[in-house]
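Fold and geometry: a report
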Amino acid sequence: MNSTEIAEILAKPYSQQLLTGPIPARFSYVGLDGDPRVVPIGFHFDGERLQIFTVPKAAKVKALRKNPRVALTIDTEGFPPKVLLIRGTTELKLEDGAPEEYIIAGAKVMTADQHEEWTAGVKALYDQMVRITVTPDWVKLLDFETTIPKAVADLIAEKQQG
């Protein structure tokens, strides 16, 4: 996919709801042992890339240094489901303290009072964090209203042809 196609999909209203809402991303990468991993994780979307933060000694940091390719899913529980699929490459950057985007991402899942207390705890805990920047190179939005998985669309077409 080219950057224009990616930007168009990420700008769609359902994509924006998923990217700015409280639902964590399901973040998948390949572990050092070669097996896949998937973890729910908070994130910040800067309009083009996703920012994920973790401790410097996290297993995912070592794994992403070896293989920076990742996939993410952000999806809803209700019907019809809304699913944003993202594939991309990561860049890692060690930063001092708790980055502001990490604090902003935390606000998506808690009340203002909870966020204030959480922020104070985070700032006291983290001397450093690793910023994992995911640059999408492929995205797909499945809203089950205007877009569905290709295999389902193919099956529908087959059934309609008899």
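A brief look at the structure comes next. (Residues numbered from 1 in each chain as written. Predicted model: local features only at pLDDT ≥ 70, side-chain atom pairs only at ≥ 80, totals over all residues. Heavy atoms only, no water.)

**With respect to the environment of E5**
Basically, it comes down to this: Note on conventions: DSSP H or I runs of at least 4 residues are helices, E runs of at least 2 residues are strands, and numbering of each starts at the N terminus. Burial classes: relative accessible area under 20% of the type maximum marks a residue as buried, over 50% as exposed, and values in between as partly exposed (1.4 Å probe, protein chains only).
Considering the arrangement of structural elements, one finds E5 in helix 1 (residues 3-10). Classification of E5 as partly exposed rests on a relative accessible area of 36%.

**So, the nonpolar core**
As a reminder, the rule being used: Definition of nonpolar core: a set of buried residues of the types Ala, Val, Leu, Ile, Met, Phe, Trp, Tyr and Cys, connected through side-chain atoms within 4.5 Å. Should any heavy atoms of two residues lie within 4.5 Å, those residues are counted as being in contact.
The biggest cluster of nonpolar side chains holds 27 residues, and the ones touching the most others in it are L19, F27, L50, L72 and L84. Elements represented by at least two residues in this core include exactly helix 1, helix 2 (13-20), strand 1 (25-30), strand 4 (50-54), helix 3 (59-66), strand 5 (69-75), strand 6 (83-96) and strand 7 (128-142). The greatest single-element share of this core, amounting to five residues, is contributed by strand 7. Setting aside residues no more than four positions away along its own chain, F27 makes contact with R37, V38, V39, I41, I52, K60, L64, V70, A71, L72, I132 and V134. Of all hydrophobic cores here, the second largest spans seven residues; its members include Y102, V122, Y126 and M129.

**A word on the sheet that holds strand 3 (residues 44-45)**
In sheet architecture, strand pairing relies on hydrogen bonds along the backbone and comes in two forms, parallel and antiparallel. Counted only if it meets this: A pair of strands counts as paired when DSSP detects no fewer than two bridges linking them. A fitted line through C-alpha atoms serves as each axis, taken over the contacting stretch for helices, and the angle formed by two N-to-C directions is quoted from 0 to 180°.
Across the sheet, which stays open at both edges, the seven strands sit in the order 2-1-5-6-7-4-3 with antiparallel pairing between neighbours. Each of the sheet's edge strands pairs with one partner strand only, and the pair in question is strand 2 (36-41) and strand 3. Examined bridge by bridge, strand 5 and strand 6 share seven bridges and lie antiparallel to one another. Each residue of the ladder has a partner; that of D75, found in strand 6, is V83. Relative to strand 1, helix 3 is tilted by about 55°, and along the sheet it contacts strand 1, strand 2, strand 4, strand 5, strand 6 and strand 7.

**Quick notes on the pattern of salt bridges**
The criterion, for reference: For this document, the term salt bridge refers to a Lys or Arg side-chain nitrogen within 4 Å of an Asp or Glu carboxyl oxygen.
Enumeration over the complete set of coordinates arrives at eight salt bridges. For D33, the salt bridge identified is with R37, shortest N-O distance 3.1 Å. Residue classification places R37 among the partly exposed positions, given a relative accessible area of 31%. We note a salt bridge from E48 to R49, for which the minimum N-O separation is 3.1 Å.

**Observations concerning unusual backbone geometry**
For the peptide bond that leads from F79 to P80, omega is -5°, which places it in the cis range. Relative to the helices and strands, P80 resides in the loop between strand 5 and strand 6. Not every positive phi belongs to a glycine, and F144 is a case in point at roughly 55°. Mapped onto the elements, F144 comes out in the loop between strand 7 and helix 6 (150-161). Judged by its relative accessible area of 35%, F144 falls in the partly exposed class.

**With respect to the side chain of Q51**
Our working definition: Nitrogen and oxygen atoms within 3.5 Å of one another constitute a polar contact, given that in protein one can donate a hydrogen and the other can accept it, and given that sequence-neighbouring residues count only through two side-chain atoms.
Mapped onto the fold, Q51 is located in strand 4. Given the relative accessible area of 5%, Q51 is considered buried. Engagement of the side chain of Q51 in a polar contact is seen with the side chain of R131, the distance being 3.1 Å. Leave out the neighbours within four places in its chain, and Q51 touches F43, H44, D46, R131, I132 and T133.

**Considering helix 5 (residues 112-125)**
Threshold: Every helix has an expected span of 1.5 Å times one less than the residues it contains. The arc in question is formed by the directions pointing from the helix axis toward the C-beta atoms.
With 14 residues, helix 5 ought to run about 20 Å at 1.5 Å a step, and its terminal C-alpha atoms sit 20 Å apart, in line with that. Of the positions making up helix 5, those classed as buried are H115, T119 and V122. Looking straight down helix 5, one finds that the buried residues subtend no more than 70° of arc, so they occupy a single side. For helix 5, exposure combined with an orientation more than 90 degrees from the buried face picks out D113, E116, E117, A120, A124 and L125. Looking at the packing, one finds that the buried side of helix 5 touches helix 4 (100-107).

Taken by themselves, the reported measurements are silent on function.
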